[in-house]
Amino acid sequence: MPYTVDFTTVSTAGLESSPVADALAGLRANEARYFRNKYGHDFTVEPAADAESTVDWVSRILEEERGIVISSRPLEATAFEVANIRFAYVFYENGLAINVMYSVDGSDKRAVGFKLSEGMDVPEELGSFKFARQKSKLAGTIRGSYFVIKNEY
């Protein structure tokens with residue numbers, strides 16, 4: 001069942017099994033606020049089991065671009081297109097959020113972003129990345145990193 005993320009009242013709905021559920025819910029709400037404010041888009045997620053094609057697309061890009069296989073269980077995912085950019089998000093049980101930004105009319109904006117919820121350790125599979133810190137009223141301290149996508153997906 002799809003769920004529109006409310007960034008005024010942060011809810012852990014769908015994320016309860018995460019050991020950092022509150023922080024992950026704040027991170028998810030932070031993303032929802034960004035898309036609402038920048039694009040007027042309502043950020044809607046669904047259980048990962050109902051969004052297999054999105055989870056598979058993100059997993060394929062990670063593996064083919066960098067040989068990365070995420071060991072944590074995906075909890076929720078979403079995919080949408082705004083401003084000629086396809087976005088995909090997967091929220092994982094360990095507190096990790098991965099997003100793919102994929103420009104559909106050229107290769108100028110194609111990247112994978114990683115965001116770590118406050119209170120989680122850097123997953124072993126992302127140990128080679130450097131993470132910058134960002135403060136969020138909704139999510140506390142978010143650590144983020146990214147890489148540019150080189151191939152076509």
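Draft legend 1. Inspection of helix H2 (residues 52–66) at higher detail. The terminal C-alpha atoms of H2, which comprises 15 residues, lie 21 Å apart, in line with the 21 Å expected from a rise of 1.5 Å per residue. For H2, the complete set of buried residues consists of Thr54, Val55, Trp57, Val58, Ile61, Leu62 and Glu65. Within H2, the buried residues cover an arc of 165 degrees as seen down the axis, which keeps them to one side. Those residues of H2 that are exposed and angled more than 90 degrees off the buried face are Glu52 and Ser53. Where H2 is buried, its residues meet strand E3 (74–82), strand E4 (85–92), strand E5 (96–103), strand E6 (110–116) and strand E8 (140–148). Downstream of H2 by one or two residues, Gly67 has phi in the positive range, about 70 degrees.

Draft legend 2. Quick peek at the nonpolar core. Core analysis: the biggest nonpolar cluster contains 26 residues, and Leu62, Leu96, Ile98, Val100, Val112 and Phe114 have the highest contact counts within it. Of all the secondary structure elements, the ones that give two or more residues to this core are H2, E4, E5 and E6. The dominant element in this core, judged by the number of residues it contributes, is H2, at 5 residues. For Val112, the contacting residues outside a window of four places in its chain are Ile61, Leu62, Ile98, Asn99, Val100, Ser145, Tyr146, Phe147 and Ile149. Within the second largest apolar cluster, 20 residues are counted, among which are Ala32, Phe35, Val45 and Ala97.

Draft legend 3. Highlighting the side chain of Thr78. Looking at the element boundaries, Thr78 is found in strand E3. Accessibility expressed as a relative area gives 7% for Thr78, which makes it buried. For Thr78, the side chain forms a polar contact with the main-chain oxygen of Thr44, separated by 2.5 Å. Thr78 has contacts with Phe43, Thr44, Val45, Thr54, Phe87, Ala88 and Tyr89, leaving out every residue within four places of it along the chain.

Draft legend 4. Representation of the layout of surface pockets in the model. Computed from the structure, the largest pocket encloses a volume of approximately 300 Å³. If you go around the largest pocket, you meet 18 residues; those closest to its centre are Tyr34, Phe87, Tyr89, Asn99 and Met101. For the lining of the largest pocket, the elements supplying multiple residues, two or more each, are helix H1 (21–39), E4, E5 and E6. The leading source of residues in the lining of the largest pocket is H1, at 6 residues. Here the residues of the lining of the largest pocket are counted per class, giving 10 nonpolar, 4 polar and 4 charged.

Draft legend 5. A look at the packing of aromatic side chains. Here the structure, examined in full by the defined rule, presents 17 aromatic pairs. For the pair Phe35 and Tyr89, a centre-to-centre distance of 5.9 Å together with 90 degrees between the ring planes defines the contact as edge-to-face. You can see Phe35 sitting in helix H1 and its partner Tyr89 sitting in strand E4, a full 54 residues away along the chain. Residue Phe35 is classed as buried on the basis of its relative accessible area of 0%.

Draft legend 6. Here's a closer look at the environment of Leu96. Relative to the assigned elements, Leu96 resides in strand E5. Exposure remark for Leu96: the relative accessible area of 0% places this residue in the buried category. As for Leu96 and Leu27, which are separated by 69 residues in sequence, their C-alpha atoms are 9.3 Å apart. Among residues more than four places away in sequence, those in contact with Leu96 are Leu24, Ile70, Val90, Phe91, Phe114, Lys115, Leu116, Met120 and Leu126.

Draft legend 7. Representation of the pattern of salt bridges within the structure. Taken as a whole and judged by the stated rule, the model has 6 salt bridges. Among the salt bridges present, the one from Glu93 reaches Arg73, with a minimum N-O distance of 3.1 Å. Within this pair, whereas Glu93 is found in the loop between E4 and E5, its partner Arg73 is found in the loop between H2 and E3, the two being separated by 20 residues in sequence. For the salt bridge of Arg110 with Glu152, the shortest nitrogen-to-oxygen distance reads 3.0 Å. In this pair, Arg110 is assigned in strand E6 and Glu152 in the segment after E8, connecting sequence segments 42 residues apart. Arg110 sits in the buried class, given a relative accessible area of 8%.

What counts and how
- Sequence order as written defines residue numbering, which begins from 1 separately in each chain.
- Local features in this predicted model are restricted to residues of pLDDT 70 or higher, and side-chain atom pairs are both shown and tallied only at a pLDDT of 80 or more, whereas totals for entire chains, interfaces and linings draw on every residue.
- Heavy atoms throughout the structure, all of them, feed into the side-chain values; hydrogens and water do not.
- Each helix is a run of H or I in the DSSP string that is no shorter than four residues. Each strand is a run of E no shorter than two, and both are numbered from the N terminus.
- The span you would expect from a helix comes to 1.5 Å times its residue count less one.
- Working definition: with a 1.4 Å probe on protein chains only, accessible area under 20% of the residue-type maximum means buried, over 50% means exposed, and in between means partly exposed.
- The directions from the helix axis to the C-beta atoms are what the arc is built from.
- Contacts: residue pairs with any heavy atoms within 4.5 Å of one another.
- Working definition of a nonpolar core: buried Ala, Val, Leu, Ile, Met, Phe, Trp, Tyr and Cys residues. They are joined through side-chain atoms within 4.5 Å.
- Contacts described as polar in this section are N or O atom pairs within 3.5 Å, which, within protein, must combine one atom able to donate a hydrogen with one able to accept it, while residues neighboring in sequence count only if both atoms come from side chains.
- Only protein atoms enter the 1 Å grid, on which a cavity is a set of points fitting a 1.4 Å probe that cannot get out and a pocket is an open set with protein on both sides within 12 Å along at least 5 of 7 lines, lining residues being those with an atom within 4 Å of a point.
- Grid points are joined across faces, edges and corners, and a volume is the space filled by probe spheres set on the points.
- Ten residue types, Ala, Val, Leu, Ile, Met, Phe, Trp, Tyr, Cys and Pro, are classed as nonpolar, four, Asp, Glu, Lys and Arg, as charged, and the remainder, Gly among them, as polar.
- Two rings belonging to Phe, Tyr or Trp (six-membered ring only in the last case) form a pair when the distance between their centres is within 6.5 Å. Interplanar angles under 30 degrees mark stacking, angles over 60 mark edge-to-face geometry, and anything in between is tilted.
- Any carboxyl oxygen of Asp or Glu within 4 Å of a side-chain nitrogen of Lys or Arg constitutes a salt bridge here.

Keep in mind these numbers describe shape, not what the thing actually does.
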